[in-house]
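Okay, here's what each chain looks like letter by letter:
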There are 2 protein chains.
Amino acid sequence: MHDGEKKIVSIKENADLVTIKDIAKKANVAPSTVSNVLNNTKYVTEDIRERVLSVVDELGYSPNLIARSLKTKQTNTIGVIVPDLTNAFFIEIVNAIEAYLYEKNYSILVCCTRENKQKEKKYLLSLVQKGIDGLLFLGTGLNPSHLLAKLPIPIVLIDRMIGNQFSSVSIDNELGGYLGTKHLLERGAKRISFLLGPLVLKTNMDRLQGYQRALAENGVIYDSTLIVQCEPVTYESGWEAVEKLDMDGVEYDAVFAASDFLAVGALRYLLHKNIRAPAPVKLVGFDGIPITEIFTPAITTVNQPKRKMGERAAQILIKMMKKDPEGRVNEVYEPNLIVRDTS
Amino acid sequence: MHDGEKKIVSIKENADLVTIKDIAKKANVAPSTVSNVLNNTKYVTEDIRERVLSVVDELGYSPNLIARSLKTKQTNTIGVIVPDLTNAFFIEIVNAIEAYLYEKNYSILVCCTRENKQKEKKYLLSLVQKGIDGLLFLGTGLNPSHLLAKLPIPIVLIDRMIGNQFSSVSIDNELGGYLGTKHLLERGAKRISFLLGPLVLKTNMDRLQGYQRALAENGVIYDSTLIVQCEPVTYESGWEAVEKLDMDGVEYDAVFAASDFLAVGALRYLLHKNIRAPAPVKLVGFDGIPITEIFTPAITTVNQPKRKMGERAAQILIKMMKKDPEGRVNEVYEPNLIVRDTS
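Residues numbered from 1 in each chain as written. Chains lettered and ligands numbered in written order. Predicted model: local features only at pLDDT ≥ 70, side-chain atom pairs only at ≥ 80, totals over all residues.

Lay out the sheet that holds strand β12 (residues 336–338) of chain B in plain terms, naming residues and giving numbers.
Residue and element names in this part refer to chain B. As summarised here, the arrangement of the six strands in space is β7-β6-β8-β9-β10-β12, forming an open sheet in which the pairing is mixed. The sheet terminates laterally at β7 (227–229) and β12, the two strands that pair on one side only. This sheet shows a mean twist of 20° between the axes of neighbouring strands, independent of strand direction. Its contacts with the sheet place helix α10 (residues 202–217) against β6 (192–196) and β8 (254–257), and it is angled at close to 170° to β6. Here helix α12 (residues 260–272) sits on the sheet and contacts β6, β8, β9 (282–287) and β10 (300–303); the angle it forms with β9, its principal contact strand, is near 155°. (Pairing = 2+ DSSP bridges. Helix = DSSP H or I, 4+ residues; strand = E, 2+ residues; numbered from the N terminus. Axes fitted to C-alpha atoms, helices over the stretch in contact; angles between N-to-C directions. Contact = placed C-beta atoms within 7 Å.)

This is how it looks when you write it as structure tokens:
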């Protein structure tokens, strides 16, 4: 059998779009013969086989993948639905997905929902109609699980969970909330303000529960005036959240932001007010996006294994597409604390 | 005629994948009748037409877009080739492209070349074989113009130019180099170190020429020891470039980095060494990515109109796809200087 990869796509310097007809003409055989050689569908004498393959080597061969898709029911295309392309957390996951799937000869249709439920639905249907082989879903978290369940393709959820019927890759968000809070308590903090995104998202609710568990374990009484829900999750919201605490006269000696965007915003406010972290106000973020390392002072954060999450989700999806009987997979990774200047 | 959009994709809450057969069965007519109603291909009595359309209203209708693509030769899919998904400059352009094309009912196949020429070629051919309707090309700049010229689809280049035969959207990079340099000279700088990416990229060469023009106009002699080529263009490279100037004993009173990544890296080094910008070392970046505004101190930068570039490129591409006789379009925007804390 001829090299499998060459059959799919030629990457020669002079590659043009070469059809079976072009090859047949140059090799002086019938197009059906070329097809039989390339697809191994019928016996062809060694002589002719060699002649056809040497022409393929010379010209390259570019099958019409649309026509092929109709026959094979495969497009080698994966849909990726993502809430926000300007958020480095999602971008790092998408980047890892792209790198992994490129090696496996898949390309990705990237769809950005901008946290809009209608857009998410429209994209879901459009992707299925375009014949994607599988779907990686970083959803709005606004529970379209009844819609997802109807889609006739393998699906892997990333980060935000909806229902239990799908394969998924995520982190233990409760543990993340716990780790960040425990660290600040160990650093001497007594009144930790907790900034987080909307509590309708289970990720945020879980992080809050981790925060509460760490407080309880350390005998610190939970004070709801220290909890600020921020929406949208942006630098500005982080700034405004801490500014509001100050305006309301709420006392705090640390800030735990359940998103690095909020953490950076809060830190900018503290710097602006000359309340430099770590002293007197300590600060911890969440996600581990690059800016936390780059910012001066560098920001302590609860890190998510973003690359691993993207790669592993893509890997699980491909297994499902190949009907590899692994069954439903739900992988939950542990986040890890990265201690830097702000704590 | 029935509402055109509903024919293409149903976004009903309960939407499933509904075929012509499903509709025929429920409406108690032949599948060919449904097809005739939906495509207006043959007269159908008003009674039956109404009955079919009311079933379509009820069930939704999801045509097989792959089969349709074979007939119409259209996939409503646009290829986007981009060098680096973790660079906020490219991400902002891709984000603008996605938002614009979503409204026009196109989705995007996002391909990341990681500045690798082979990967770029492989992606180009794969995209064409997948039947994309058009290509937005943010290339490696490594001149695959002979390959691009062979592709049987409309193409718009963004940012990095190759050849003159394609439509394009870019900025006047020479002017950008000039503006940043002139600003630093006006702020009293005499020895401006210029950090830039590889000079094989025309964008960088143009920026260097702008730097030289500003020096010449102000009677400052060009000193090549102040020029540092950085590759890859990362935070680390920016740090190392300025560190090397110090180690080599090169005197400088300002840094102009022809990429915000390099500027942030250089600034981090200067902060680390307690050489705070703006005094005594002034600093200007290039691109206008979000971190320049967020960083403390905020970074002066030569800003590119990224959103406009992405939107306009997508708009030009759609016009070309519709054979709107606008001819080849080469749009060049002026960058603008955003003055912040570092200068």
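Before we move on, could you go through the sheet that holds strand β10 (residues 300–303) of chain A and cite the residues and values that matter?
The strands making up a sheet associate through backbone hydrogen bonding, with each pair oriented either parallel or antiparallel. All names here are of chain A. Read from one edge to the other, the open sheet built from six strands follows the order β7-β6-β8-β9-β10-β12, with strand pairing classed as mixed. Only two strands of the sheet have a single neighbouring strand rather than two, namely β7 (227–229) and β12 (336–338). The sheet shows a mean angle of 20° between the axes of neighbouring strands, taken without regard to direction. Examined bridge by bridge, strand β6 (residues 192–196) and β7 share three bridges and lie parallel to one another. Bridge pairing in β7 places Leu196 opposite Gln229.

How would you sum up helix α7 (residues 117–129) of chain A? Please name residues and give values.
Taking 1.5 Å as the rise per residue, α7 of chain A with 13 residues should run 18 Å; its terminal C-alpha atoms sit 19 Å apart, in good agreement. After α7 of chain A finishes, the residue Gly131 of chain A shows a positive phi value of roughly 80°. (Expected span 1.5 Å × (residues − 1).)

Please give an account of the packing of helix α11 (residues 235–247) of chain B against α12 of chain B that cites residues and values.
Residue and element names in this part refer to chain B. Direction vectors running N to C along α11 and α12 enclose 50°, while the axes themselves pass 6 Å from each other. When the interaxial angle is binned, α11 and α12 end up oblique. The handedness of the crossing between α11 and α12 is right-handed. Contacts between α11 and α12 pair Tyr235, Glu236, Ser237, Gly238, Trp239, Ala241, Val242 and Glu243 from the former with Phe261, Leu262, Ala263, Val264, Gly265, Ala266, Arg268, Tyr269 and Leu270 from the latter. Class assignment of the residues belonging to the contact of α11 with α12 gives a composition of 11 nonpolar, three polar and three charged. (Parallel < 35°, antiparallel > 145°, perpendicular 65-115°, else oblique. Left-handed = near helix turned anticlockwise from the far one by under 90°. Nonpolar A, V, L, I, M, F, W, Y, C, P; charged D, E, K, R; others polar.)

Kindly report on the environment of Ser126 of chain A, identifying the contributing residues and their values.
All names here are of chain A. Looking at where Ser126 falls in the secondary structure, it is placed in helix α7. Using a count of 24 C-beta atoms within 10 Å as the deciding quantity, one classes Ser126 as buried. Considered as a pair, Ser126 and Phe166 are 40 residues apart in the sequence and their alpha carbons are 20 Å apart. (Buried ≥ 20, exposed ≤ 12 C-beta atoms within 10 Å, placed from the backbone.)

A description of unusual backbone geometry should follow, citing residues and the corresponding values.
All names here are of chain A. Of the consecutive residues Thr296 and Pro297, the connecting peptide bond is found in the cis state with omega at 0°. Note on placement: Pro297 falls in the loop between α13 (291–294) and β10. Although it is not a glycine, Asn28 sits at a positive phi angle of roughly 60°. Structurally, the position occupied by Asn28 is in the loop between α2 (20–27) and α3 (31–39).

Go over the environment of His272 of chain B, please, and point to the residues and values.
Residue and element names in this part refer to chain B. Among the structural elements, His272 can be located in helix α12. A count of 12 C-beta atoms within 10 Å places His272 in the exposed class. Between the C-alpha atom of His272 and that of Trp239, which follows or precedes it by 33 residues, the distance is 9.9 Å.

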